[in-house]
Amino acid sequence: MRLRPLLQLAVLAGATALSLPTVSLPALGAEEAKPDPVLAQMVASPARSPQFQARDAARHPLQELAFFGLAPNQTVVEISPSGGYWTEILAPYLHDRGTYYAAANPRGTDSAYANRENAAFDAKLAADPARYGKVKVTEFGRGHFDIAPAGSADLIVTFRNLHNWMGGGYADEAMAAFYRALKPGGILGIEDHRASDAQPQDPKATSGYVRQDYAIALARKAGFELVASSEINANPRDSKDWPEGVWTLPPTLALKDRDRDRYLAVGEADNFVLKFRKPQQ
C-alpha cells in the first residue's frame, strides 16, 4: 500500500541505522504448512476480483495464510485492508465460525487518500452483504489503535504496510496495539518489502523497503517472539535500488511506460514473511 506521492529513492543523509544483534531464524518454511481445502476453495473462488487473482502467482495467498496458521474458527484482524485483496479471502472463510476485523484508515481525517480508500472499501462491503455482512470495520492509524478488543484476537495479519508506519513515525505504537489485541499465544503475521542487509535502514523507509532484522527487532521490542520466517514471497531479481523505490516495480509501475518491460520482468518486490507469537502468560 502506498500512502504518499512518488518519492525519490534515497536514504536521508546522516540517518542512523538501528543497532541490531545477529538474528538466527527458525528453519520452518511455508511449504511445511498444510493448507485447509476450504481455504483453497476461497482462494480459487470465481467471486474474487480478476485483478486480484492475477497477482496470486506473486503473492501466494493460500500458502501464506496456511503458514500463519489461519483456521476458520479464529478471530482475525487484518491491518490496512486497502483494496480488499485479502478481505475477499478472509471474510467468506471466517463468515460462519470465526470473526474478521478489518482495521481500516481512521475516519473523518483530512487525508483525501484515506477517505477515498475508506469509501471504496465501504462500497465493496455493502455491495455483497452475503460475503461481507459480518465484517467488523475498526480504525488503524496514528492515534487510532483500537483495532479489536484487548486479548480477543487469535491472529493479526498485515501485508506490505510496515514501511508506512515507519514513515508515519508510529511503528512502535502499532506493534504495541497488536500485542494488546492478541490473546496470549496469539500470532502476528507480517509481510513487507525486504531491504538489502548491505545498507543501513532508513528509519522512515522512504524507499518502501525494510530490513528483515529491523522488522524482527521492532516486534521483539514490543514483546513478541519470532516463531518462523518464510521465503514464499522471495524474489532474487529485485535489486532494491530502483529510481522510485519499490513503487518502480509492479503492480504500481511508477515510471509508467519508461523501462516497463524491464520492471515487469523483475516482478513484484522481494518480500519477507515473518510469524511472531505473543508469549503465553
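Residues numbered from 1 in each chain as written. Predicted model: local features only at pLDDT ≥ 70, side-chain atom pairs only at ≥ 80, totals over all residues. Heavy atoms only, no water.

S.K.: Help me get a handle on the packing of aromatic side chains, residues and values and all.
M.R.: Applying the stated criterion across every chain yields a total of 13 aromatic pairs. Arranged with centres 5.7 Å apart and planes meeting at 50°, the rings of Phe67 and Phe68 form a pair that is tilted. Both residues of the pair, Phe67 and Phe68, count as buried. With centroids separated by 5.4 Å and ring planes inclined at 65°, the aromatic side chains of Trp165 and Phe178 adopt a geometry described as edge-to-face. (Phe/Tyr/Trp six-rings, centres within 6.5 Å; stacked < 30°, edge-to-face > 60°. Buried < 20%, exposed > 50% of the residue type's maximum accessible area, 1.4 Å probe, protein only.)

S.K.: Residue-level account of helix 10 (residues 212-221), with values.
M.R.: Extensive coverage of helix 10 is indicated by the burial of 7 of its 10 residues. If you check which residues of helix 10 are buried, you get Gln212, Asp213, Tyr214, Ala215, Ile216, Leu218 and Ala219. Summarising the contacts, the buried residues of helix 10 are in contact with helix 8 (162-168), helix 9 (171-181), strand 6 (225-230) and strand 7 (271-277). Gly223 sits one or two positions beyond helix 10 and adopts a positive phi of about 110°. (Helix = DSSP H or I, 4+ residues; strand = E, 2+ residues; numbered from the N terminus. Contact = heavy atoms within 4.5 Å.)

S.K.: Requested: an account of the packing of helix 9 against helix 10, with residues and values cited.
M.R.: Two packed helices can be described by the angle between their axes and the distance between those axes. Relative orientation of the contacting elements helix 9 and helix 10 amounts to 55°, with a least axis distance of 9 Å. Overall, the two elements helix 9 and helix 10 adopt an arrangement that is oblique. In the crossing of helix 9 with helix 10, the sense of the turn from one axis to the other is right-handed. For the pair helix 9 and helix 10, the contacting residues are Ala171, Asp172 and Met175 in the first and Leu218, Ala219 and Lys221 in the second. (Axes fitted to C-alpha atoms, helices over the stretch in contact; angles between N-to-C directions. Parallel < 35°, antiparallel > 145°, perpendicular 65-115°, else oblique. Left-handed = near helix turned anticlockwise from the far one by under 90°.)

S.K.: Go over the pattern of salt bridges with me, naming the residues and quoting the values.
M.R.: Considering all chains together, one arrives at 14 salt bridges under this definition. Asp154 serves as the salt-bridge partner of Lys183, at 3.0 Å between the closest nitrogen and oxygen. With Lys183 in strand 5 (residues 182-193) and Asp154 in strand 4 (residues 153-159), this residue pair connects regions lying 29 residues apart in the sequence. Residue Lys183 is classed as partly exposed on the basis of its relative accessible area, which comes to 30%. Among the ionic pairs, Arg277 bridges to Glu225, the shortest N-O distance being 3.2 Å. With Arg277 in strand 7 and Glu225 in strand 6, this residue pair connects regions lying 52 residues apart in the sequence. Among the ionic contacts, a cluster of salt bridges with common partners joins Arg55, Arg160, Glu191 and Glu268. (Salt bridge = Lys/Arg side-chain N within 4 Å of Asp/Glu carboxyl O.)

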